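Descriptive structure summary
This is what each chain is made of:
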Amino acid sequence: VAQKMEWLGKAKLTTNLFVHFDKNVYSNNETVYFTGYLIKGGANRASTHKIMAVALIRDTDSTVVIEDKFVMQNGLSFGSITIPDSLFTGNYRLLAYTEKLTNGVADVVYEQPITIKTNIDPGFKASMKLIADQKNQQKTNHVLVSVTTKEGGFLPKPTSISYKYGNLNIQAKTDASGQLLINLPAQENIVDPNLYVNLKNAKESSSISMAIPQPKSKAQVKFYPEGGDLVNGVYSNIGWEVKDQQQKPLALKAFLYKNGNVTDTIESSSYGIGKFNLLVEKGAIYNIKLVHDGLVDSTYLLPKAIPDGLALTIVEAVVQDTLKLSLRTNRARNLFVSIHNFRETYLSFPLDMAYNYRTIKIPLTALPKGLATITITDSLSRPLAERIFFAHYNNTEKLSIELGKTVYEQREKVNLKLKLKDFAEQSFVSIAVIQNNRLDLKNIDDIESYTYLKNELANLPLNISGLAYQDKSYLEQALLVKG
């Protein structure tokens, strides 16, 4: 198993490019400053990457607005680009990547969502409204798009319109009066309920969007027995995650049923994640019902328990130097424990599970800082239980900044004192001075959260503070249902 893990690590090399953009809310004709840090170069060593390209892309149609290239030396690149005057308010993204390709795909890529706010309006006015149809019972939504001159008159030529809604992507034109009636048939389980409309008249263009009302729908509920399985007669810890059809987490309560009878009340956090304990009875059927007015009443079944197996419980998955875990089984057996990151095995040892319950402590001195996985197999290397955890977590302040004062005049010089703690080697620091309203919490990214979490795990819940790494409670919840 360790050898196969090593092969996998060589076949799927990890990469890590982080770019510190000065902010994530910009205006037109503003300069975007950035510093790129190439931490892992993938198939090519960091020192061989010589160019970093930065592109500004519009979200509505994925148009590349501008692109420029910058020198990269020893994994470090910095520079600036200027946002064009002509851009309209909307959502964009900055995409950074280097010139190294593997099978035609960039080795390293980093993406930063941004918002551009401007006071520029196109040469025409566009609006849309939802037309109510009481008899239709929401099988089809009707949206009327109207396009006029700024003064409210008719345009000399029809306006070209392209709109996107769910799996619909259609092009059309307005009629002589500058209107277009869009019919939107109901779509099941639509992830994004917004209608996006792009308009073009002569050389002027614009885009508008609108949220389309959705009927009540079922939530998406997933169960994650810690370790992997529910086992008959074994006490288990179960993580669960609940989202709506738009993938937004739901904080709610639910009733836990056993053979049709309520046995417990459970709840999810603001991240849509919760946990509960269960002693699994052989042949029993377990399900939950959500308590939420905005959702269709539905029953969600827990996974079926297996006849014999192993349940693993870790009270703290975000640890410093020691991992503590409990193992429960309904059959004595010889086990083998491996600690790895799916690329390299750091620790492996046999374990005699002669009893139905054991607690063990594992020192993590051989592990690097970051996410790791404990996998427990039987004597034939068949997996029985698995759990992800974070080793050598430390949230102490690494960099302190002292200001000469807290109030400054325009163009006044600012003297900073920087103190880097616990680092003997020379380090690079990039500093941005911005207004508070130029940071959107949902788009904040920092080098620790990206390196240790976002670059390793996909689809993490949005952290409320914007600094995922620094929120230990958030990490504990995320690692319960990810990995």
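The paragraphs below set out a description of the structure included in this document. The numbers attached to residues start from 1 for each chain and follow its sequence in the written order. Thresholds applied to this predicted model are a pLDDT of at least 70 for local features of residues and 80 or more for the giving and counting of side-chain atom pairs; totals over whole chains, interfaces and linings are not thresholded and use all residues. Side-chain calculation: all heavy atoms of the structure are included, whereas hydrogens and water are not.

1. Concerning the pattern of salt bridges
Any Lys or Arg side-chain nitrogen found within 4 Å of a carboxyl oxygen on Asp or Glu counts as a salt bridge. A full pass over the atoms with the stated rule returns 19 salt bridges. Glu 111 is paired through a salt bridge with Arg 93; the nearest N and O atoms lie 3.7 Å apart. Of this pair, Glu 111 sits in strand S10 (residues 109-117) while Arg 93 is found in strand S7 (residues 90-98), placing the two residues 18 residues apart along the sequence. Only protein chains enter the accessibility calculation, which uses a 1.4 Å probe; a residue is then buried when its area is under 20% of its type maximum, exposed when over 50%, and partly exposed in between. By relative accessible area, which is 42% here, Glu 111 ends up partly exposed. Glu 241 is the salt-bridge partner of Lys 243, the closest N and O atoms lying 3.9 Å from each other. Residues Lys 243 and Glu 241 agree in their burial class; the two are buried. Bridged by salt links that share partners, the residues Asp 22, Lys 23, Glu 30 and Arg 438 form one connected network. Helix numbering and strand numbering both begin at the N terminus, where a helix is a DSSP run of H or I of at least 4 residues and a strand a DSSP run of E of at least 2.

2. Looking at the sheet that holds strand S6 (residues 76-82)
Pairing between strands requires that DSSP locate at least two bridges from one strand to the other. Read across the open sheet, the 3 strands follow the order S1-S3-S6; overall the sheet is antiparallel. What marks the edges here is a single partner per strand, and that holds for strand S1 (15-21) and S6. Going across the sheet, the axis of each strand differs from the next one's by a mean of 25 degrees, ignoring polarity. Running over the sheet, helix H2 (residues 447-454) touches S1 and strand S3 (31-41) and is turned about 155 degrees from S1. To obtain each axis, a line is fitted to C-alpha atoms, and for helices this fit is confined to the stretch in contact; angles are then taken between N-to-C directions over 0 to 180 degrees. Working rule for contacts: check all heavy atoms of both residues, and any pair within 4.5 Å makes them a contact.

3. A closer look at the environment of Ile 273
Tracing the backbone through its elements, the reader meets Ile 273 in strand S22 (residues 273-279). Overall, the relative accessible area of 4% leaves Ile 273 in the buried class. Here Ile 273 is in contact with Trp 240, Glu 241, Ser 268, Pro 461, Gln 477, Ala 478 and Val 481, once residues within four sequence places are set aside.

4. A word on a nonpolar patch on the surface
A surface patch of nonpolar side chains, about 730 Å² in accessible area, is lined by Ile 401, Leu 403, Val 414, Leu 416, Leu 418, Val 429, Ile 431 and Val 433. Every element with two or more residues in the nonpolar patch is listed here: strand S32 (399-403) and strand S33 (416-420). Under the relative-accessibility criterion, Leu 403 is labelled partly exposed at 48%. Residues with no salt bridge and a relative accessible area higher than 30% make up the patches, which join like charges within 9 Å and nonpolar side chains (Val, Leu, Ile, Met, Phe, Trp, Tyr) within 5 Å. Surface exposure here means Shrake-Rupley accessible area, sampled with a 1.4 Å probe, where a residue is shielded only by the protein chains that are shown.

5. Digging into the sheet that holds strand S29 (residues 357-363)
Note on sheets: strands pair through backbone hydrogen bonds, and any given pair is parallel or antiparallel. Taking strand neighbours across the sheet as the criterion, the 3 strands line up as S25-S26-S29 in an open arrangement whose pairing is antiparallel. Looking at strand neighbours, the two that pair on one side only are strand S25 (310-313) and S29, the edges of this open sheet. Taken pair by pair, the neighbouring strands of this sheet meet at an average axis angle of 25 degrees, ignoring direction. Summarising the sheet, strand S26 (residues 322-329) and S29 pair through 7 bridges and their orientation is antiparallel. When the bridges of S29 are listed, Leu 327 appears paired with Arg 358.

6. Things to note about helix H3 (residues 472-481)
Count 3.6 residues to each turn of an α-helix, and residues three or four apart come out pointing the same way. In terms of burial, H3 is a largely internal element, 8 of the 10 residues being buried. Of all the residues in H3, the buried ones are Tyr 474, Leu 475, Glu 476, Gln 477, Ala 478, Leu 479, Leu 480 and Val 481. In this structure, the buried residues of H3 make contact with strand S18 (220-225), strand S19 (235-243), S22, strand S30 (370-377), strand S31 (383-391) and H2. Counted as a polar contact is a pair of N or O atoms within 3.5 Å, where, for protein atoms, one must be capable of donating a hydrogen and the other of accepting one, and residues adjacent in sequence contribute only when both atoms are in side chains. Among the residues of H3, the N-terminal cap falls to Asp 471, whose side-chain oxygen and the backbone nitrogen of Ser 473 are separated by 3.3 Å. Backbone geometry just downstream of H3 places Gly 483 in the positive-phi region, at approximately 110 degrees.

7. Some points on the nonpolar core
The tendency in soluble globular proteins is for nonpolar side chains to be buried as a group. Grouped together as the largest cluster of nonpolar side chains are 41 residues, with contacts concentrated most on Leu 325, Ile 374 and Phe 389. Listed by contribution, the elements that provide at least two residues to this core are S25, S26, strand S27 (333-340), strand S28 (345-353), S29, S30, S31 and H3. Here the element with the most residues in this core is S31; it accounts for 6 residues. Throughout this description, the term nonpolar core refers to a set of buried Ala, Val, Leu, Ile, Met, Phe, Trp, Tyr and Cys residues connected via side-chain atoms within 4.5 Å. Ranked by size, the runner-up nonpolar core spans 26 residues in total, among them Val 19, Val 32, Leu 38 and Tyr 450.

8. Structural notes on the packing of aromatic side chains
Pairing of aromatic rings covers Phe, Tyr and the six-membered ring of Trp, with a centre-to-centre limit of 6.5 Å; geometry is then stacked below 30 degrees between planes, edge-to-face above 60, and tilted otherwise. Applying the stated criterion across every chain, the model contains 11 aromatic pairs. Aromatic pair Tyr 110 and Tyr 450: ring centres 4.9 Å apart, planes at 80 degrees, arrangement edge-to-face. Taken together, the positions of Tyr 110 in strand S10 and Tyr 450 in helix H2 put the pair 340 residues apart, joining distant regions of the chain. Like Tyr 450, Tyr 110 is buried. An aromatic cluster is defined as three or more aromatic residues linked by ring pairs; in this entry it consists of Phe 390, Tyr 393, Tyr 452 and Tyr 469.

9. With respect to the side chain of Lys 23
With respect to the secondary-structure elements, Lys 23 resides in the loop between S1 and strand S2 (25-27). In this structure the side chain of Lys 23 is engaged in a polar contact, spanning 3.1 Å, whose partner is the side chain of Asp 22.

10. So, the pairing of S7
Sheet topology places strand S4 (residues 51-58) next to S7; 7 bridges connect them, and they run antiparallel. Considered in S7, the bridge of Ala 53 is made with Tyr 97.

11. Comments concerning the side chain of His 49
With respect to the helices and strands, the residue His 49 is situated in the loop between S3 and S4. Residue classification places His 49 among the buried positions, given a relative accessible area of 0%. A distance of 3.2 Å separates a polar side-chain atom of His 49 from the backbone oxygen of Gly 41. A polar side-chain atom of His 49 sits 2.8 Å from a polar atom in the side chain of Thr 98. For His 49, the contacting residues outside a window of four places in its chain are Leu 38, Gly 41, Asn 44, Met 72, Thr 98, Glu 99, Lys 100, Asp 107 and Val 108.

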